[in-house]
Amino acid sequence: MSGPAIAPRFDPATLEAKWQAEWERARAFAAPDPPKGPTFSLVLPPPNVTGVLTIGHMLGDTVMDVLARHHRMRGVATLWVPGLDHAGLATQVEVRRRLQREGVRFDELPREEALREIGRWVEEHERRIREQIRLGGFSVDWPRWRYTMDPASTRATRAAFLALHRAGLIYRGERMVNWDPRLRTALSDLEVVHTEEDGELVYLRYRFADGAPGGLEVATVRPETVFGDVAVAVHPDDARHQAEVGRRVVVPLSGREVPVIADAAVDPAFGAGALKITPRHDIVDREIAGRHPELATPLEIFDESARLTGDGVPAAFRGLDREAARKQALEALAASGDLLRRVPYRHAVARSERSDAPVEPRVSTQWFVRMKPLAEPVVAGVQRGEIRIHPERWERTFFRWMEEIQDWCISRQVLWGHPIPVYYCDACGEASAAAEPLAACPRCRATDLRADPDVLDTWFTSWLWPFAALGWPEATAALDQYYPTSVLVTGRDIMFFWVARMMMAGYRFTGRRPFGDVYFTGMLRDEHGRRMSKHLGNSPDPAEVIRSRGADALRFSLVFPNPTDEDGPFGPTALDGARNFLTKVWNLVRFSLPHVPPGTPPPDRPPSLGPASALENRWILARYRRTAAEVERALAAFEPSAAATALHSFVWHDVADRYLEISKEALSGGRGEPSRRESQAVLLFVVERSLRLLHPFVPHVTEELWHALPHPDGFLDNAAWPSPGEVEPDPIAELEMEPVLEAIHLLRNLRSEERVAPGATPRAWIRPAGPEVVRILSGQLGTIARLAQVHGPELLDAAAAPPGRVAGRVAPLGECFLERAAATAGSTETLEREREKLSVLLEKTRGRLADPGFRARAPPEVVREAEGKAAELAERIGRIDEQLKEGGSSAVSA
Ligand SMILES: [Zn+2]
């Protein structure tokens, strides 16, 4: 029943492809239908079809896969629905860019052709995205793949629109929106990026209309908007301007007369305290104008591309874009003597996230969702603990945004998206929302209806994802069985775009929470601490990383050592670390295999050990129990990195470095047959259970290795998740092993400090700290001698001193001594060389620690390690100094 032997070299490419094909062939990840018992479900946040997946996606997908595989192994019916987002405007922008590079203007293409181009883009990218998910080894239920533009999504989107429309929560209105003049569409507040930019504050003179000398000094960053002015406003308490309120001034360049008004919203500290009021192009101006009904109706001065237009604009300016208009206006103002001065000015500029064009606040007719009534049940739900946010620190940000929530502009003037399901009757003016195109007006029966030309914001479909992906609005079995979903894993950058809106949609349309837990992953940085971005070119293609290092190495490097919920570094160092760990696991199993006798059944329970059993066997089982419990705790608490850290430390240090070394003698029969059998059983158990615990993190390599061990049929994914409780706790074994490991560690350090030649076995002594340590160590002297490569060690009485020249170290267990042979003790020259070498290392380490950037960016354990290293180096240099003072080769008295 022994499995096939494994290759000497760990070669991820071959074995990963093999297991991916096997899993898919066997439909290993199909959700049980119907499920028996408890369920665990999650939806893959549908990646945008704007491009292919990034390393950031891989981080979220790895966390999800760890959770999904963990639950599957626990016997919980698990569903993971994959899918893709059409990403409306964002995708159209990408296609537009690509065509532009090919010399084609997207905006001039006939509608059908433009849609065909988008379709071509979607097809290409969908293929690559699916391939990336497959290459990552993510255990999604492939046949349930969904797309936010598939027919079921169309039904869901329309149903949601109609429900909100009927309830009066969707309205059409003329409001000021963020307008992208390059893409000629409205944007939601979340699609606007505010950045500090260098600009210019321009001071203009608005002359008094009655011809009196002087006038008002008005500061503005947008002189080209003077054509839309309806007033100049000052603060009512501003003493400088009291006498001017009520007078009339002339708008420069246009010659129109407007009144000077008083309004408390004016900031007296801005410019000279007088503000020009352009209500159609500034939100504050619009509010001020709203409080002064006596003002003239403002004129629209920009067309949808933000070119000057309309009767209020002099012919010489019509058709100019904002930049050209500003330049020409400044020239004309200078010529007329109304330009007083120009000063450099740094201020926040709003730009479109999609096109980077400065956003033009613009009054236009758009569709909106009333958000306050939708937000209320969500806030209550999170407060009740019905939805839990991890890490908890994001809860405050979440609540703050929910309190300040604004209505959501959901109409977009683009091609790519779900059409707004509204039909207009020109005969009677009726606007009707309907799931299917209407044949006749419901009010006057006229038949020539006009469909709304706009499409819906892409998030209006994706906010339905947790239930739409399960078939809503149809009452499907999947909804019945797997909704609400268990957990949502995503980046916190879309907390408001998506997560909060999904919660609103869930409560509104299904009457239930869409998920029980939300887990926000961190945002990855490169090894220099910079955010990963396409622009910097520092975000590697996951497919490339997988090809060169393997999916398992990529996955492990994303959860270890940096916690998945922090903005940590990712790069070659993390990948190398992961790859080394997997090689270690590989070799551990390879070295263990010869110790598995033919016919050994798979371990269905831990070997039963007695008081007579070897200390290392009792110890490693106790350590295993502790590790399994920590993994269990960490996964339940949404701390995948803590689980990975525990496993890394256990498998690498405890099993491979310590246990395997210590038990070599017993395994080779050196302590007799019963000892050998016991150690073999313990080794097989610990290795087999470690593979199970590691499986959710690194599924391919563990599947391969597990099949090399004696095991029942099937996949590791369906093998039972090990319960820590199957092993009895053994705190005594853990306690007793401590001085043994400490002695080995100290003697090894002394060996290297004394530059003992490899293979030499100098004499060693231990003076134990008390009778309890004497008792423990006396049974383990052989182990210590073998692992530290020393002769002895002899245990000394409290009063006794080791004979001759020795080097010593003090520790909790007592004191360890190592014989210093004349040949190994350093001459003055070698000591000085050694000192020089250590000093360089120390300086380097201290330099790193002194760099505030290093301390800020490196994971805490790396910083701690560097601090420890610096202390150790300083200590070694100190010891060499002592030796030099004593004249090089002289003895150090203990
Ligand atoms: Zn009608």
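Quick note: structure is the one above.
To start, this report covers the structure provided alongside it. Fair warning: this is a prediction, and the values are worked out from it, not measured in the lab. (Residues numbered from 1 in each chain as written. Predicted model: local features only at pLDDT ≥ 70, side-chain atom pairs only at ≥ 80, totals over all residues. Heavy atoms only, no water.)

## Here's the deal with the overall build of the protein chain
When its secondary structure is counted, the protein chain shows 27 helices and 27 strands. In terms of its C-alpha atoms, the protein chain occupies a principal-axis envelope of roughly 110 × 70 × 55 Å. Here the protein chain holds 894 residues, and 54% of them are scored as buried. A fraction of 77% describes how many contacts in the protein chain between residues 6 or more apart in sequence connect residues 24 or more apart. Summed over its atoms, the accessible surface of the protein chain is roughly 39000 Å², and 52% of this surface lies on carbon and sulfur atoms. Within the protein chain, the 125 negative side-chain charges are centred at a point lying 2 Å from the centre of the 113 positive side-chain charges. (Helix = DSSP H or I, 4+ residues; strand = E, 2+ residues; numbered from the N terminus. Buried < 20%, exposed > 50% of the residue type's maximum accessible area, 1.4 Å probe, protein only. Contact = heavy atoms within 4.5 Å. Areas by Shrake-Rupley, 256 points an atom, 1.4 Å probe, with all protein chains shown as cover. Lys, Arg positive; Asp, Glu negative; His and termini not counted. Charge placed at Lys NZ, Arg CZ, Asp CG, Glu CD.)

## A closer look at empty space enclosed by the protein
According to the stated counting rule, one finds 2 cavities of 30 Å³ or more in the structure shown. By volume, the largest cavity is sized at about 130 Å³. Together, 17 residues line the largest cavity, and Ala87, Gly88, Leu89, Asp457 and Thr458 are the ones closest to its centre. Here the lining of the largest cavity takes 3 residues from helix α3 (residues 88–101), the largest share from any one element. Its residues assigned to classes, the lining of the largest cavity comprises 8 nonpolar, 4 polar and 5 charged. In this structure, the second largest cavity is lined by Thr148, Ser153, Ala156, Thr157, Thr461, Leu464, Trp465 and Ala468. Where the lining of the second largest cavity is concerned, the elements lending two or more residues are α5 (151–166) and α11 (465–468). In terms of residues, the lining of the second largest cavity owes the most to one element, α5, which gives 3 residues. For the lining of the second largest cavity, a count of residues per class yields 4 nonpolar, 4 polar and no charged. (1 Å grid on protein atoms, 1.4 Å probe; cavity = no way out; pocket = protein on both sides within 12 Å on 5 of 7 lines; lining within 4 Å. Points joined across faces, edges and corners; volume = space filled by probe spheres on them. Nonpolar A, V, L, I, M, F, W, Y, C, P; charged D, E, K, R; others polar.)

## A short note on the coordination of the zinc ion
For the zinc ion, the full set of protein donor atoms is Cys425 (SG), Cys428 (SG), Cys441 (SG) and Cys444 (SG), at a range of 2.2 to 2.4 Å. Around the zinc ion sit 4 donor atoms, and with donor-metal-donor angles ranging over 101 to 114 degrees the site reads as tetrahedral. Residue classification places Cys428 among the partly exposed residues on the basis of a relative accessible area of 25%. (Donors = N, O, S within 2.8 Å, 3.2 Å for Na, K, Ca; no water. Tetrahedral: all angles 85-135°; square planar, octahedral: opposite > 155°, others 65-115°.)

## Observations regarding the packing of helix α17 (residues 615–636) against helix α20 (residues 673–694)
In contact at an axis separation of 10 Å, α17 and α20 are set at 15 degrees when each is read in the N-to-C sense. When the interaxial angle is binned, α17 and α20 end up roughly parallel. The way α17 lies across α20 gives a crossing that is left-handed. Between α17 and α20, the contacting residues are Asn617, Ile620, Leu621, Tyr624, Ala628 and Val631 on the first element and Glu678, Ser679, Val682, Phe685, Val686, Arg689 and Leu693 on the second. Tallied by class, residues from the contact of α17 with α20 come to 9 nonpolar, 2 polar and 2 charged. (Axes fitted to C-alpha atoms, helices over the stretch in contact; angles between N-to-C directions. Parallel < 35°, antiparallel > 145°, perpendicular 65-115°, else oblique. Left-handed = near helix turned anticlockwise from the far one by under 90°.)

## Quick notes on the sheet that holds strand β18 (residues 422–425)
Reading across from one edge, β19-β18-β20 is the order of the 3 strands in this open sheet, with antiparallel pairing throughout. Edge positions in the sheet fall to β19 (431–433) and β20 (449–451), since each has one partner strand and no second. The sheet shows a mean angle of 30 degrees between the axes of neighbouring strands, direction not considered. The sheet contact formed by β18 and β19 spans 3 bridges and is antiparallel. Bridging across to β19, Tyr424 finds its partner in Ala431. (Pairing = 2+ DSSP bridges.)

## Regarding the nonpolar core
Counting 89 residues, the largest nonpolar core has Phe556, Phe697, Leu747 and Ile784 as its most contacted members. Element by element, the count of residues in this core is highest for helix α18 (residues 640–662), at 11 residues. Those residues in contact with Ile784 that sit more than four places away from it in its chain are Val740, Ala743, Ile744, Leu747, Ile766, Leu777, Gln789, Val790 and Pro793. Residues Ala156, Trp459, Leu470 and Trp498 belong to the second largest nonpolar core, which totals 64 residues. (Core = buried A, V, L, I, M, F, W, Y, C linked by side-chain atoms within 4.5 Å.)

## A look at the sheet that holds strand β8 (residues 215–220)
Taking strand neighbours across the sheet as the criterion, the 3 strands line up as β8-β7-β13 in an open arrangement whose pairing is antiparallel. Only two strands of the sheet have a single neighbouring strand rather than two, namely β8 and β13 (339–352). In this sheet, neighbouring strand axes are inclined to one another by 20 degrees on average, regardless of whether the strands run parallel or antiparallel.

## Here we look at the packing of α17 against α18
Following both chains from N to C, one finds α17 and α18 inclined at 170 degrees, their axes separated by 8 Å at the closest point. By the angle between their axes, α17 is roughly antiparallel relative to α18. For the pair α17 and α18, contact is made by Glu616, Asn617, Trp619, Ile620, Arg623, Tyr624, Thr627, Glu630, Val631, Arg633, Ala634 and Leu635 and by Pro640, Ala642, Ala643, Ala646, Leu647, Phe650, Asp654, Val655, Arg658, Tyr659 and Ile662, respectively. Grouping the amino acids of the contact of α17 with α18 by side-chain chemistry returns 15 nonpolar, 2 polar and 6 charged.

## A few points about helix α21 (residues 699–708)
With 10 of its 10 residues buried, α21 lies for the most part within the structure. Buried within α21 are the following residues: Pro699, His700, Val701, Thr702, Glu703, Glu704, Leu705, Trp706, His707 and Ala708. Where α21 is buried, its residues meet α1 (12–25), α2 (55–73), α15 (551–559), α16 (572–592) and α20.

## Points about the pattern of salt bridges
A complete count under the given rule lists 77 salt bridges for this structure. With a closest N to O distance of 2.7 Å, Glu197 and Arg351 form a salt bridge. In this pair, Glu197 sits in strand β7 (residues 192–207) while Arg351 sits in strand β13, placing the two residues 154 residues apart along the sequence. Residue class for Arg351 comes out partly exposed when judged on its relative accessible area of 21%. Where Arg658 meets Asp654, a salt bridge forms, and the shortest distance between an N and an O atom there is 2.9 Å. Of the two residues, Arg658 and Asp654 both sit in helix α18, 4 residues apart, roughly one turn of that helix. The exposure class of Arg658 is partly exposed, given its relative accessible area of 34%. Because the salt bridges share partners, they merge into one network encompassing Asp65, Arg69, Arg72, Arg555 and Asp717. (Salt bridge = Lys/Arg side-chain N within 4 Å of Asp/Glu carboxyl O.)

## What about helix α13 (residues 495–510)?
Most of α13 sits inside the fold, with 14 of its 16 residues counted as buried. Note on α13: the residue one or two positions beyond its end, Gly511, has a positive phi of about 75 degrees.

## A word on unusual backbone geometry
Following His390, the chain continues into Pro391 via a peptide bond in cis, with omega recorded as -10 degrees. As for its placement among the helices and strands, Pro391 is situated in the loop between β15 (388–390) and α9 (395–403). Its identity is not glycine, yet Leu253 carries a phi of approximately 70 degrees, on the positive side. Phi at Phe638 takes a positive value of approximately 55 degrees, unusual for a residue other than glycine. Following the sequence through the fold, Phe638 ends up in the loop between α17 and α18. The class for Phe638 is buried, based on a relative accessible area of 13%.

## Considerations on the packing of aromatic side chains
Inspection of every chain in the model, using the stated rule, returns 26 aromatic pairs. Here Phe398 and Phe399 contribute two aromatic rings whose centre-to-centre distance is 6.0 Å and whose plane-to-plane angle is 65 degrees, an arrangement assigned as edge-to-face. The same class applies to Phe398 and to Phe399, which are both buried. With 5.6 Å between their ring centres and 35 degrees between their planes, Phe556 and Phe560 make a pair best called tilted. Classification of Phe556 as buried rests on a relative accessible area of 0%. Joined through ring pairs, the aromatic side chains of Phe161, Trp367, Trp408, Phe460, Trp463, Phe467, Trp472, Tyr483 and Phe509 make up one cluster. Positioned above the aromatic ring of Phe368, the side-chain terminus of Arg175 is 4.0 Å from the ring centre. (Phe/Tyr/Trp six-rings, centres within 6.5 Å; stacked < 30°, edge-to-face > 60°. Lys NZ or Arg CZ within 6 Å of the ring centre and 35° of its normal.)

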